[in-house]
Amino acid sequence: MAKEGVEKAEETEQMIEKEAGKEPAEGGGGGSHRLGDAQEMRAVVLAGFGGLNKLRVTRKAMPEPQDGELKIRVKACGLNFIDLMVRQGNIDNPPKTPLVPGFECSGIVEALGDSVKGYEIGDRVMAFVNYNAWAEVVCTPVEFVYKIPDDMSFSEAAAFPMNFVTAYMMLFEVANLREGMSVLVHSAGGGVGQAVAQLCSTIPNVTVFGTASTFKHEAIKDSMTHLFDRNADYVQEVKRISPEGVDIVLDCLCGDNTGKGLSLLKPLGTYILYGSSNMVTGETKSFFSFAKSWWQVEKVNPIKLYEENKVIAGFSLLNLLFKQGRAGLIRGVVDKLIGLYNHKKIKPVVDSLWALEEVKEAMQRIHDRGNIGKLILDVEKTPTPLMANDSTETSEAGEEEEDHEGDSENKERMPFIQ
């Protein structure tokens, strides 16, 4: 075993050295290289809050692991709706720019900081990162890093942490999903929506109601018990099928959906807000959309909750990890999820793979609600010439409103579903 470990480490180091020696391809491809004495890497940089034109792929100094950190040669990064909100500055207490976006990635351990135990150079891992994930190399504390199964691809691994941990925590830790219960999930075709559907299928007789754009229905119909158009009167549709309502509502939209969700809860039911995508309409932050969404949120009366035996909750995985110190709890959840993956009970749905230089186009696809499952930034992928010549020169994409989201179905890039 020790000999195999040494050979594995040597093989990985040779691969890393080979990658580092590559010259960047025209248009941004290629691995890290040395300029003078500083070793550099490619990274997506957000120059300031705003539209797509604030994103650039540039070279930055490669980080080195501090005490308790792992250095990871990144293979793939996850792209989430929260990344759009970060780009717009549409979050509480946004960090200072310039910054490297991204909160999850997968790759190979390249170096270990002092006091790190349980990992070796060459380990295949996935990780949460408090920003800085969209780069060729990241460093993150060991408590946020998890080994991945041998048969899990790097793109699957990058699609795994945010979506499945969020879905699991909401269903089992917050709402206590049990046999025979019912769940309503919005954005059923997205990464979290599909993770929710798969996890619900591991419990007997769970009814899943989902809302999604009509053009996604054919692709996701088998994952839902009942599927409704996102613009339809889903409250009446749900009550027609289940007059009492549902046990759990998972809401990533906010706005007037909060009141609708609460109205659908059965006694002892739980409503969970885990996003506010209704606040994102145009390409840049809209104070009108923010104010409209806030105004439409039903003001919660605790006495009414008491009288109706209803529970209202919120869930933010990133806050739980990086602000509230619950990494140990999350590690236990990841272990359970990997067990489900190994038993073929769950599998990440990957919508499409994009080069770092295509990050603007990838973000536009999420903005248009065109994805089914997860969008992945593939660090080693060569940009498609017509998609992105150079991210520093790509013209800003036109602003799209939600009313036109169905147009995404006709775009040249077709979803890649694993």
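About the thresholds
Within each chain, residue numbers correspond to sequence positions counted from 1 in written order. In keeping with the model being predicted, local features are shown solely for residues with a pLDDT of at least 70 and side-chain atom pairs are shown and tallied solely at 80 or more, while totals for entire chains, interfaces and linings include all residues. To obtain the side-chain values, all non-hydrogen atoms of the structure were included, while hydrogens and water were left out. UniProt positions are given in the numbering used here, feature names are shortened, and annotations may be inferred rather than shown by experiment. Strands are runs of DSSP state E lasting at least 2 residues, helices are runs of H or I lasting at least 4, and numbering of each runs from the N terminus. Categorising residues by exposure relies on relative accessible area from a 1.4 Å probe, with only protein chains included: less than 20% of the type maximum marks a residue as buried, more than 50% marks it as exposed, and the intermediate range marks it as partly exposed. Following DSSP output, two strands are said to pair if at least two bridges run between them. Angular values range over 0 to 180 degrees, each being the angle between N-to-C directions of two axes fitted as lines to C-alpha atoms, with helices fitted over their stretch in contact. Two residues qualify as a contact provided that any one of their heavy atoms is within 4.5 Å of a heavy atom in the partner residue. Throughout, nonpolar core names a set of buried Ala, Val, Leu, Ile, Met, Phe, Trp, Tyr and Cys residues whose side chains join them through atoms within 4.5 Å. The domain boundaries here were taken from an automatic or database domain assignment. In this analysis, rings of Phe, Tyr and Trp, with Trp reduced to its six-membered ring, are considered paired at centre separations within 6.5 Å, and the interplanar angle assigns stacked below 30 degrees, edge-to-face beyond 60, and tilted for intermediate values. In our convention, an over-ring charge means Lys NZ or Arg CZ found within 6 Å of a ring centre and within 35 degrees of that ring's normal.

Named according to an unreviewed UniProt entry, the chain is Synaptic vesicle membrane protein VAT-1 homolog-like originating from Neomonachus schauinslandi. Note on the chain: under the UniProt heading Sequence similarities (unreviewed entry), the record states "Belongs to the zinc-containing alcohol dehydrogenase family. Quinone oxidoreductase subfamily."

Enquirer: How do you make sense of unusual backbone geometry when you look at a structure like this?
Expert: Excluding glycine, residues mostly have negative phi values, and the peptide bonds linking residues are mostly trans. Thr97 connects to Pro98 through a cis peptide bond whose omega is 0 degrees. In the Ramachandran plot, Ser115 falls in the positive-phi region, its phi being about 70 degrees despite a non-glycine side chain. Tracing the chain through its elements places Ser115 in the loop between strand E5 (104–112) and strand E6 (124–128). Despite not being glycine, Asn309 shows a phi value in the positive range, around 55 degrees. Secondary-structure assignment places Asn309 in the loop between helix H10 (302–308) and strand E14 (311–314). Take Asn309: its relative accessible area is 44%, and that puts it in the partly exposed class.

Enquirer: In this structure, what is going on with the sheet that holds E14? I would like to understand it.
Expert: Strands belonging to one sheet form pairs held by backbone hydrogen bonds; the direction of such a pair is parallel or antiparallel. Read from one edge to the other, the open sheet built from six strands follows the order E11-E10-E9-E12-E13-E14, with strand pairing classed as parallel. Of all the strands in the sheet, just strand E11 (226–229) and E14 have a single pairing partner and so form its edges. Adjacent strand axes in the sheet meet at a mean angle of 15 degrees when their direction is disregarded. Contacting strand E9 (182–185), strand E10 (207–212) and strand E12 (246–251), helix H5 (residues 191–200) crosses the sheet at an angle of about 170 degrees to E9.

Enquirer: Quick question: what am I supposed to make of helix H13 (residues 359–367) here?
Expert: The buried fraction of H13 is high, at nine of nine residues. Within the sequence span of H13, burial applies to Val359, Lys360, Glu361, Ala362, Met363, Gln364, Arg365, Ile366 and His367. Once H13 finishes, Arg369 follows within two positions and takes phi at roughly 55 degrees, a positive value.

Enquirer: Would you mind going over the nonpolar core with me for this structure?
Expert: If you look at soluble globular proteins, the nonpolar side chains tend to sit buried side by side. If you look at the biggest cluster of nonpolar residues, it comprises 97 residues, and the most contacted ones within it are Trp134, Leu250 and Ile330. No other element matches the nine residues that helix H4 (residues 161–174) contributes to this core. A domain split of this core shows at least three residues from each of domain 1 (40–156) and domain 2 (163–342). Beyond its immediate sequence surroundings of up to four residues, Leu250 is in contact with Met170, Leu171, Val183, Leu184, Val185, His186, Val196, Ile272 and Tyr274. Counting 12 residues, the second largest nonpolar core, distinct from the first, contains Phe209, Val235, Val238 and Leu264.

Enquirer: Sorry, what's going on with the packing of aromatic side chains here?
Expert: Two aromatic rings are characterised by how far apart their centres lie and by the angle between their planes. All told, the structure shown has seven aromatic pairs when counted by the stated rule. For the ring pair Phe160 and Phe164, a centre distance of 5.1 Å and an interplane angle of 25 degrees mean the geometry is stacked. Considered together, Phe160 and Phe164 belong to a single accessibility category, that of buried residues. An aromatic cluster is defined as three or more aromatic residues linked by ring pairs; in this entry it consists of Phe160, Phe164 and Tyr341. In this structure, Arg124 is placed above the aromatic ring of Phe154, and the distance from its NZ or CZ to the ring centre is 4.7 Å. When the ring centre of Tyr119 is taken as reference, the NZ or CZ atom of Lys147 above it lies at 5.4 Å.

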